[in-house]
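# A look at the structure
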Amino acid sequence: MNNDCYLYEDTFLSLLNLIVYLIKNNIKPGNIKNCQYIPNLLDHVISLKIEEDGNIINQIIQYMGPYTFRSIYYVFLSTEENKELILYYLILNGMKYKEKVLYHRNLKCVEKTIKIAKAVLHEAHKYKGFTRFKELENHILYAEIEPTNDILILISHHFQKRLRTEYWIIKDVKRGILSLYDKKKYYLILEENFTLETTLLSQKENEIENLWKTFYKTIGIKERKNERCRRNFMPKKYWKYMLEVESEL
Amino acid sequence: MELQEKLKILADSAKYDASCSSSGSNRKTKDGLGNVALSGICHSFSSDGRCISLLKILMTNCCIFDCKYCLNRKSNTIKRAIFTPEEVCEITLNFYRRNYIEGLFLSSGIIKSPDYTMELLIKTITLLRKKYHFGGYIHAKAIPGASEKLLRDLGLLVDRLSANVELPTSNGLKLLAPNKNESNVTKIMRYVKTNQNRKYVPAGQSTQMIIGATKESDLEIMEKSENLYKSFLLKRVFYSAYIPVNKDNLLPTLESPPLKRENRLYQADWLLRFYNFKVSDLLDEKNPNFNILVDPKADWALRHLNEFPKEVNRCSYYDLLKIPGIGVKSAKRILSSRKIFTLSFEDLKKMGVVLKRAKYFITCNGKYFMSANLFHKEFIEKNLVLEETTPSIKTHEQLRLFNE
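Here the structure is a predicted model, which is why all the values come from computation and not from measurement.

### Topic: the overall build of chain B
Of the regular secondary structure elements, chain B holds 16 helices and 11 strands. Summarising its shape, the C-alpha atoms of chain B cover approximately 70 × 55 × 50 Å along the three principal directions. By the burial criterion, 57% of the 404 residues in chain B qualify as buried. By sequence separation, contacts in chain B at least 24 residues apart represent 67% of the contacts at least 6 residues apart. Counting only carbon and sulfur atoms, one obtains 53% of the accessible surface of chain B, whose full area is about 18000 Å². Counting 63 positive and 43 negative side-chain charges, chain B places the centres of these two groups 5 Å from one another.

Right under this line is the structure:
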């Protein structure tokens, strides 16, 4: 059994560099984990000093196409336990099949990649709709989310274009990461490096929230009531931060 | 009247319009608040399981018309309200900033005259677009009977315009909506079709029909839809199961809205738009209504069993689309993958094919899923019907177990 467990620096770039290094040197890893990984008794942990090459992203895009690259990135954002190993095998096969690699759905790594990437994108899409901002006293819009996958960067990109004339903050509560937007760019920042100037809500907030709750209640047609359908499209895991349904939890 | 109460009245009056989509617009915005997402985004789901993406409201529920089926008809004694343009903007912007909504769906009862009503809509949306630089999605109702100039002005401000045909035949319309005139709706659709481009109604037009208020058959309804898609390049026809809100001896009395029928019509509508089916494939004079037990595609397949089983590794894209359990996406996946390797039943499952439906109609590399003597209509039909009704059977069994 192969117990060689290779570590990377917890960044996307570092993982890609490690995988490409392993492939180039014909090393078959037993496992790949980020540096916070707590090894078990059997693991033989190996930490390589690899120079980080930013150009590697372009090389992968050129070789396997932008679509494959995006899928790789989405898998990296997921919480899948073996995502690193899946990506190793995907990139290994990508060297052979190039931009057609994702058509090889009979390969396990391809099947998994497609499935995981889809789940990540799906969750990001849901949060584009289900994220709820509150206006703080200082007119900054503030939202909290608790996504399964690390989709903060994906939705930040979306809100940067949408709410471009506003200052906003989105906090991933579970990961302790904030996304701050200053009307030009967004920045991802760790919770411990940031304190909110105020947590008081703006004067209008209560009134607007009540208007929305009224609208939500009114728009449902009682003759068509369909709880199963509602839960299907809007599972309860999203409800915690959605003011129109949080009281139903 | 307080804003809260107005919103309640004017959302309540608007909720029967089925259209909710916020997709299909690729309008670019440079500055100001908001943009559009081509795929559309659902922001919430109401208690009836329908998506909420737009702030769906009426400008006013005052109406000079007296359509029998409508909550807002002149002869009803209900609370009436009217928004000011500023109020609509305030609610829209505040909801949009907090990401409650994708945009605005503005409709209206007809107040004073069609032109007057349309001018009110235009005034409101102009304010929203020009003064507040709102870039989000806007769907507006075109008011039948309003002038062409107003139709042009409104179309330049919004993403989607729609005018409801309301009922599938003009006889039905005459009966239930005596003030409405089919040619007025047709005029709007023709105008939008002729002028539509990147700047004018970029997300195209849609319409809605009420199902079950008059006696039309599914065949008549689907022929109407087919005709509308063909003549006016509509993006969507929405079907809305009739919900009795008024008492009138011209209206049917229903115990519950015909939701299953509505569901079948939507399924058939998809077959027309994405699966290359024609209405004449699905329904005819002898069978003018859809089978309530199995969906229209499976029903078609059962009636054309001589064309099956189809070999998924060889048959054409259009043949793949005809197989129950295979959709547009899985058909495309099959096409791209089978060039590379021969597909097995296991592979099909991974591609999102619903095998429990498809298995009766396909062969994989020459193999049929079950023993070949089970390939006959009665057996397949029985299983498909059973499969569609399975959830209710399961709960039934569970209850019995508990009782024992």
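Next comes the rest of the description.
### Here we look at the sheet that holds strand β3 (residues 44-47) of chain A
Residue and element names in this part refer to chain A. Pairing is parallel across the open sheet formed by three strands, whose spatial order is β2-β1-β3. Single-partner strands in this sheet number two, and they are β2 (31-34) and β3. Mean inter-strand twist for the sheet, computed between neighbouring axes without regard to direction, equals 35°. Across four bridges, strand β1 (residues 4-8) lies against β3 in parallel orientation. The partner of C5 across the bridge, within β3, is V45. The sheet strands contacting helix α3 (residues 83-97) are β1 and β2, and the helix crosses β2 at an angle near 125°.

### Topic: the interface of chain A and chain B
Listed per partner, the contact involves 55 residues of chain A and 58 residues of chain B. Taken together, both faces of the contact between chain A and chain B bury some 5000 Å²; the carbon and sulfur share is 57%. Contact with chain B buries surface across chain A, with A:R105, A:R162 and A:R224 losing the most and accounting together for 17% of the total. Among the ionic pairs, A:R162 bridges to B:E102, the shortest N-O distance being 2.7 Å. For the pair chain A and chain B, the interface holds 23 residue pairs in polar contact (both at pLDDT 80 or more). Elements with a minimum of two residues in the side of chain A that touches chain B: α4 (108-130), α5 (152-162), α6 (205-219) and α7 (227-233) of chain A. The leading source of residues in the side of chain A that touches chain B is α6(A), at 12 residues. Across the side of chain A that touches chain B, the residue classes tally to 19 nonpolar, 13 polar and 23 charged.

### Side note on the side chain of B:N35
You can see B:N35 is positioned in the loop between α1 (3-12) and β1 (44-45). Looking at B:N35, the relative accessible area reads 12%, which means it is buried. A distance of 2.9 Å separates the side chain of B:N35 from the side chain of A:R162, its partner in a polar contact. With near-sequence residues (within four places) excluded, B:N35 lies in contact with A:K161, A:R162, B:T29, B:Y96, B:G135, B:G136 and B:Y137.

So, how was this worked out
Residues numbered from 1 in each chain as written. Chains lettered and ligands numbered in written order. Predicted model: local features only at pLDDT ≥ 70, side-chain atom pairs only at ≥ 80, totals over all residues. Heavy atoms only, no water. Helix = DSSP H or I, 4+ residues; strand = E, 2+ residues; numbered from the N terminus. Buried < 20%, exposed > 50% of the residue type's maximum accessible area, 1.4 Å probe, protein only. Contact = heavy atoms within 4.5 Å. Areas by Shrake-Rupley, 256 points an atom, 1.4 Å probe, with all protein chains shown as cover. Lys, Arg positive; Asp, Glu negative; His and termini not counted. Charge placed at Lys NZ, Arg CZ, Asp CG, Glu CD. Pairing = 2+ DSSP bridges. Axes fitted to C-alpha atoms, helices over the stretch in contact; angles between N-to-C directions. Buried area = accessible area lost by both parts, 1.4 Å probe. Salt bridge = Lys/Arg side-chain N within 4 Å of Asp/Glu carboxyl O. Polar contact = N/O pair within 3.5 Å; in protein donor to acceptor, adjacent residues only side chain to side chain. Nonpolar A, V, L, I, M, F, W, Y, C, P; charged D, E, K, R; others polar.

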